[in-house]
Amino acid sequence: MIHVRRLTKSYADAESRQRPAVDGISFDAMPGRVFGLLGPNGAGKTTTLRILGTVLKPTSGTAIVNGFNVVDHPEHVRRQMGYVSVNTAIYDRMTAWEMVYFFGRLNQIDDGLLRQQIDWLFERLQMTAMRDTLGSRMSTGMKQKVSIARALIHDPPVLVFDEATSGLDVLAARELFRTVEDMKSRGKCIVYSSHIMSEVERLCDRVAIMLGGRVVAQGTVPELLETWGQRNLEDVFYAIADQPELAREIACGGVR
Amino acid sequence: MNWTNCRLVFRRELVDQMRDRRTLFTVFVMPLLLYPILGALMMQLASFFREHPTTVWVVGAENLPDAPPLLDAETVATGLASDAGRRLIRLQIDDSATGFLQRWAGVLEQEDVAGRQKLFAEMRKRGADLVAIVPRPMVMEHSRLLDEQPDVLLVFDSSNDNSRVAAQRWQFVMASWQQRLLTRLFHPQGSGEPGADDSASGENRAESSGSPVAGLTASLDLARPSSARAASWSRILPLLVMVWCLTGAFYPAIDLCAGEKERGTLETLLSSPASRSEIAIGKLGSVMVFSIATALLNLTSMGITAALFLSSSGFSGAAGMLQGPPTVSAIGLVVLATIPASALFGAFSLAAAAFARSSKEGQYYLIPLIMVTMPLMVIPMLPSVRLEMGTSLIPVTGVMLLFRNMIEGNWSQVLMYIGPVTVVCIACCTVAIRWVVYQFNSEEILFRPSERFAVGNWIRQMFRTRDVGPSVGHAVMCGVMILILKFGSGVFVSPSQDWNGFASQTFILLLVTICVPAMFMTVLLSSKPLKTLMLDRFSLTHAVLAVLLAICLNPLLGWFSGLVMRLYPVSDELTHMAAGLLGVVDSAPSLLAILFVFAVAPAIFEELAFRGFILNSFRSLSRPMVAVVLTSVLFGAAHGVIQQSIIAFVVGMVLGVIAIRTNSLLPCILFHATHNGLSVVLARWDQYGIAGIDWLIQRAPDGTWGFSPLTAGVMSLIAGLLLAWFLRPEWKPAGSVGNIVAGQPGIARRISLWLNSWFPSRQVSR
């Protein structure tokens, strides 16, 4: 599971002023549940997830992934986590199988076991036909599958999907949703970030809406709809975007 | 044609390129910095042009004619070579040749390989690099021109560096001597200078200058063909290996670091459980493989081509120059040399590549990398550079010299220096790898999307931060400005030869090249100049302790200077220049004048610039020790000559510690003035010293004045205690002047932050 408390990450802007990309956010993600991070581009979702993935260091606050602090034990955290992001590319000059094998070996999986696991995973993700295709010849959907296979190969308890459907067609996206649901049913703790409301509404048990680096609303989807008196998450989001001050008050008041 | 569109496109491209840091760097910054930096590097290199004297064993000196003289008492006669050249030839004179000729007749007359080695061993035992034998009395008549029997026989070993150099020098001397001989033969009454109007002598002169030493001398090369071959290849092969390894390492390194960043796969790799150092070492390994492969394939291809080319066409002359193909052992050693070379260049290239955000940017770093490593590759090619403790400690140079000695078969030398060379090599690789790891951890490098650079923003930022104080970038800028001005003044200003001119010149140069840039930047960038320069506070205790430390450190620093001078001996030219300088200083009217020029003025000006502006700008890093190190590096670099730079670095470290501890510039000025002053006074103790204090100040065996051993010991002890006090653990910069500039770090700040990462952090990041 993941505990995030008052997490802040500041960058310097072009004029050398510190600007928080993530501003004191807190949330918890539980095993067997999908936690959604919803927000427009630049809301701080990717930064938050990169901190969880130990690629960035927080300016302040804590993030604990499956019992390990991301600052103190980054290597342990990475072992507990599968990270799928629009930014994590795959090697152009490696085949799908080689790529997944490489990351499996980096996770210290024994050679024989790893080969079996790859076969199983490729079948499950319907990747068997593309096992010898080079990265440079793959379509976006194929690449995304390899990314997912890479993230799942060591069977991590925590999975992070960052804008994972961007660039995918609807069929490929549906396959991804199925994988996420499958992993949820296997008891994984999943963090799913997206700017597409319908995806989040469909997949996530609990959602945090981010705006300008802050979590402006948090709760289960029905809770959010009820609090804001809207019919769908998209309208909730518009309502929040129009009245960020009110959102903050509600968040402080504790919509739980 | 719509000219408005042309103009619009033109303006857009212009603005676009002006916002590209790489274009700005290559078009504007590079040309401005390149030549001063190259010039400064060449000046540093010049201190390695130190010619070693060679010894000639003259056998049968009594057979030489009295006039024109060939030999002086200790060296060759005046006029046969320049004064400097004559100083480099030492003589061992045996009057009679009979014994030598009897003993070595077998070697001199026939091919006796074992005998030749024995003869060379005998020469080495006597410390001689060359034997010049005059077997019988020389005939001073015209008939000697027809005589084909040589008068002087030179015996040397061309596979030995010293012996070869000795032979070259001696042949030059013989050529000038032969000119004189001929002149004397044709103008027995002449002054010794050949008459220009005499056509007969003119002809003969022409003949003789065509082959100046022919007829007069014959030479016997003791080198075995294989070792002569090894010697001729021993210089070329290490250089080739270095160049091949560098080119082989660079492009894979760029692709493996900057290229992966660009393609996004680096983030994928970094989010795997592999640690940063594991990733860096893995990448280094693969870069090394490509580097070694490049070198070996080049070697093979070059070998095959050369063999085919030379055997098929009339290029035997070229082959003769290198005395045949390299020996098998030389090739084996070259293969071995690719390992350290590829490790070094692989690590350097990775360090450059890890710094780049894209492969295009990475390729721009090839030029600076070559600029840094080329001089290191050139040093071993200089004729007088040998494998010594000093040279073995220089990265790249040490490796090249080590392998040169291996190829030449000087295994005793190799065994002596393989340790230091390996240690330096490993240390360089470790530093480079740590840098790569740091870059992998550096978010600015990994995720900064924009490479745009706006001059306007930069200038605005410079003035906006004015109220709080200068930053790391400003410190480096000031340092570079001082270096360029110092270099420029070194080139364009020749030292005056009388004291008044010299003193005012030194004073003005210190003021203009060091003090003015720092003052200018202080006024421009700081709203509280006095505070920035630490002139706003003063403590008497600190002042007294600083003076005491300067006095007590004198013996230790003197010993250290001696050590540096032994490791990296000063070139003859510099010694000569220094001697000229001493002559000027001797004509100073009083000790006070000398102290003012050499102690007071440098202390004030250099402290204002280095411990004042630069150190305090570096203090924006909030790690005082790193600020001290960086300031001392610049302080050392500003001293121009490598030996002085090393010593100045150490003195700069002490000064930096004092500055940080006391937060005041005055103790630094006092320390600096006392340190310089004491050196000046001790150097002229003969002239200005106080008699009757032998217990305190004595003359050392080498003629210099210094503190007596007992006093020096006590002083060093006190110095240690004082330093410990200045360095005491709870030291905390009492209200650092510099601000912690929040901003996108520039190159300088990134390097300093990386250095920071070597010291345990006191701040808790969460």
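What you see is a predicted model; the values in this text were computed from it and never measured.

> Sorry if this is basic, but what is going on with the nonpolar core here?
Nonpolar side chains in soluble globular proteins tend to end up buried together. Grouped together as the largest cluster of nonpolar side chains are 130 residues, with contacts concentrated most on Val146(A), Phe161(A), Tyr192(A), Ile209(A), Phe345(B) and Val396(B). The leading source of residues in this core is helix H12 (residues 328-355) of chain B, at 16 residues. Among residues more than four places away in sequence, those in contact with Val396(B) are Met242(B), Leu344(B), Phe345(B), Phe348(B), Leu376(B) and Met377(B). By size, the runner-up hydrophobic cluster in this structure holds 77 residues, among which are Leu533(B), Met534(B), Leu557(B) and Phe707(B).

> Would you explain the sheet that holds strand S3 (residues 130-133) of chain B in this entry?
All names here are of chain B. As summarised here, the arrangement of the five strands in space is S2-S1-S3-S4-S5, forming an open sheet in which the pairing is mixed. Two strands in the sheet have a free side with no partner beyond their single neighbour: strand S2 (89-94) and strand S5 (217-221). Sheet twist, expressed as the average angle between the axes of neighbouring strands with direction ignored, equals 20°. Both S3 and strand S4 (residues 152-156) contribute to a ladder of three bridges, which runs antiparallel. Paired with Ile 133 across the two strands is Leu 153, which belongs to S4. Each of strand S1 (54-59), S3, S4 and S5 touches helix H4 (residues 98-109); the most contacted strand, S3, lies at about 110° to it.

> Mind showing me how you'd approach H4(B) here?
Residues and elements named next belong to chain B. Taken together, the buried positions of H4 are Phe 100, Trp 104, Val 107 and Leu 108. Buried residues of H4, viewed axially, fall in a sector of 80°; they line one side. Among the exposed residues of H4, those pointing more than 90 degrees away from its buried face are Gln 102 and Glu 109. Its buried side turned inward, H4 meets S1, helix H5 (113-126), S3, S4 and S5.

> How do you make sense of the pattern of salt bridges when you look at a structure like this?
If you walk through the whole model with that rule in mind, you get 24 salt bridges over all chains. Arg684(B) serves as the salt-bridge partner of Asp586(B), at 2.7 Å between the closest nitrogen and oxygen. With a gap of 98 residues between them, Asp586(B) in helix H24 (residues 572-586) and Arg684(B) in the loop between helix H28 (665-683) and helix H29 (685-688) connect regions that are remote in the sequence. Residue classification places Asp586(B) among the partly exposed positions, given a relative accessible area of 41%. In this structure, the salt-bridge partner of Glu607(B) is Arg611(B), at a minimum N-O distance of 2.9 Å. On the criterion of helical spacing, the pair formed by Glu607(B) and Arg611(B) is a turn pair, its members being four residues apart in helix H25 (residues 591-618). One exposure class covers both Glu607(B) and Arg611(B), and it is buried. Among the charged side chains, a network of salt bridges with common partners joins Arg93(A), Asp255(B) and Arg263(B).

Cut-offs and rules
- Residues numbered from 1 in each chain as written.
- Chains lettered and ligands numbered in written order.
- Predicted model: local features only at pLDDT ≥ 70, side-chain atom pairs only at ≥ 80, totals over all residues.
- Heavy atoms only, no water.
- Core = buried A, V, L, I, M, F, W, Y, C linked by side-chain atoms within 4.5 Å.
- Buried < 20%, exposed > 50% of the residue type's maximum accessible area, 1.4 Å probe, protein only.
- Helix = DSSP H or I, 4+ residues; strand = E, 2+ residues; numbered from the N terminus.
- Contact = heavy atoms within 4.5 Å.
- Pairing = 2+ DSSP bridges.
- Axes fitted to C-alpha atoms, helices over the stretch in contact; angles between N-to-C directions.
- Arc of directions from axis to C-beta.
- Salt bridge = Lys/Arg side-chain N within 4 Å of Asp/Glu carboxyl O.

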